[in-house]
Amino acid sequence: MTWNGISHYVGAVKLMTVYAHPADTITNCGGTLARHADAGDEIVALILTHGGRIHANRYAEEWRKDRPDEAIARAGLDDIVAFKKAELQRAADIVGIGKVITLDHDDSSATLQDALVDQVAEQIANERPDVIICDYPQNPVMAANTHTVATTTALAAIGRAGTFLRNLDGQAEFHVKQVFLTSLPVYPTDGLSLFGVRNDVFVDITPVVGRKIAAMDCFDSQGYSGLFARKLIESANGEAGRAAGVNFAEGYYRLHNETHATLPVTAAAMEVDPLTRHVSYSRIDLRREYPVQG
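Residues numbered from 1 in each chain as written. Predicted model: local features only at pLDDT ≥ 70, side-chain atom pairs only at ≥ 80, totals over all residues. Heavy atoms only, no water.

Some thoughts on the overall build of the protein
Our working definition: In this text, helices come from DSSP runs of H or I with a minimum length of four residues, and strands from runs of E with a minimum of two, each type numbered from the N-terminal end. With C-alpha atoms as the basis for the radius of gyration, the globule rule is written as 2.2 Å multiplied by the number of residues raised to the power 0.38. The classification of residues rests on relative accessible area computed with a 1.4 Å probe and restricted to protein chains. Under 20% of the type maximum is buried, over 50% is exposed, and intermediate values are partly exposed. By the convention used here, residues are in contact when the closest approach between their heavy atoms is within 4.5 Å. Only the protein chains shown count as cover for residues, with accessible areas throughout obtained via the Shrake-Rupley method and a probe of 1.4 Å. We count Lys and Arg on the positive side and Asp and Glu on the negative side, and we leave His and both chain ends out. To locate a charge, take atom NZ for lysine, CZ for arginine, CG for aspartate or CD for glutamate.
The number of helices and strands found in the protein is 12 helices and 9 strands. Against the globule reference of 19 Å for 294 residues, the protein gives a C-alpha radius of gyration of 20 Å, in line with a compact fold. Seen through its principal axes, the protein has C-alpha atoms that stretch 65 × 60 × 35 Å. Expressed as a percentage of its 294 residues, the buried residues of the protein come to 43%. Sequence-distant contacts, at least 24 apart, represent 77% of the contacts inside the protein between residues at least 6 apart. Accessible surface for the protein amounts to roughly 14,900 Å². Of this, 54% is attributable to carbon and sulfur atoms. The average position of the 27 basic charges and that of the 37 acidic charges among the side chains of the protein differ by 3 Å.

Structure (structure tokens):
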């Protein structure tokens, strides 16, 4: 994977997402993955927990009905997990994720666990991704935040995979080239007022926003389908798009610095017209172009 000095990486890239729950890969970076899939890049989604205990919207809504569907209201953990896995696979097919790996840990986990770090490190060493995408971690003492636990696990596993020795571990070391972190709770592009903490990379997902909506529509179990998907993309990806000068974008924070032969200037930066970009930013009416079905 090399940088051409102007706008983008040259050559095929293998990406791995590492997230806590089945839907996280789609909501956080589904548009980016769709664009990479269209470019011919290989994508692996690694999901640490089964997600059976979180976002139980489908089941809670059924419990509250006067005449609930007993098959839904009395669903056990195995039934819920199987339903969520089917949702994830449908969404993965829409976006273009080639391989889904689910480790099926309980999603009530609240601490960094060596056994799980080992599992993730093994997957990283086996899959050998150039890029890993995971959540921006909040303060690690916030143990109740399973997304932060998932990311600290991923970062520990990246380090562990880099220390493998073939004669001791049965496989050679592997070094990830870059880690992109999603869900940083700021979008502004001014790095000075935020002391450098900002999304420093945006991916324009406007051409594939319909696929991200369709993928989110798969997650009926947690109420992400329908109007919620459109409103979330309008607000989160729309605001990121405003910062990036496009209709819809996904924002990232790079973990590692990058080295270039020349100063990088993107094609988007060369083409943007600050005086008229409000026109292009406003050209898509998401709810009209992608209406809720049913």
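Examining the environment of Pro137
In this fold, Pro137 is placed in the loop between β6 (131-135) and α6 (146-161). When near neighbours in sequence (up to four residues on either side) are disregarded, Pro137 contacts Thr148, Thr151 and Leu181.

Side note on the confidence of the model for the protein
We apply this condition: Along the chain, pLDDT gives the predictor's confidence residue by residue, from 0 to 100.
Averaged over every residue, the pLDDT of the protein is 89; residues scoring 70 or more account for 95%. The lowest-confidence element of the protein is strand β1 (residues 2-3), averaging 37 in pLDDT; the highest-confidence one is strand β3 (residues 14-19), averaging 98. Residue range residues 1-7 is modelled with pLDDT below 50. Its contacts to residues more than four positions away, or to other chains, number 23 contacts.

Here we look at the layout of surface pockets
Put simply, the test is: A pocket, in this scheme, is an open set of points on a 1 Å grid over the protein atoms alone with protein on both sides within 12 Å along at least 5 of 7 lines, while a cavity is a set where a 1.4 Å probe fits but cannot get out; residues line either one if an atom lies within 4 Å of a point. Grid points are joined across faces, edges and corners, and a volume is the space filled by probe spheres set on the points.
Of the pockets and cavities examined, the second largest pocket occupies roughly 450 Å³. Broken down by secondary-structure element, the contributors of at least two residues to the lining of the second largest pocket are α1 (24-38), α6, α9 (227-244) and β9 (249-254). Among the elements that line the lining of the second largest pocket, the one with the most residues is α9, at 4 residues.

With respect to the packing of aromatic side chains
We apply this condition: For Phe, Tyr and Trp, rings pair up if their centres lie within 6.5 Å, where Trp contributes its six-membered ring, and each pair is then called stacked (planes under 30 degrees apart), edge-to-face (over 60) or tilted (otherwise). A positively charged side chain is recorded as over a ring if its NZ (Lys) or CZ (Arg) lies within 6 Å of the ring centre. The angle to the ring normal must also be within 35 degrees.
Counting across every chain of the model gives 3 aromatic pairs. Ring centres of Phe180 and Tyr252 lie 6.0 Å apart, and the angle between their planes is 80 degrees; this geometry places the pair in the edge-to-face category. Separated by 72 residues along the polypeptide, Phe180 in strand β7 (residues 178-182) and Tyr252 in strand β9 bring together distant segments of the chain. Residue classification places Phe180 among the buried residues on the basis of a relative accessible area of 14%. Taken together, a centroid distance of 4.9 Å and an interplanar angle of 10 degrees make the contact between Tyr224 and Phe228 stacked. Residue classification places Phe228 among the partly exposed residues on the basis of a relative accessible area of 38%. Lying across the ring of Phe83, Arg58 places its NZ or CZ 3.9 Å from the centre.

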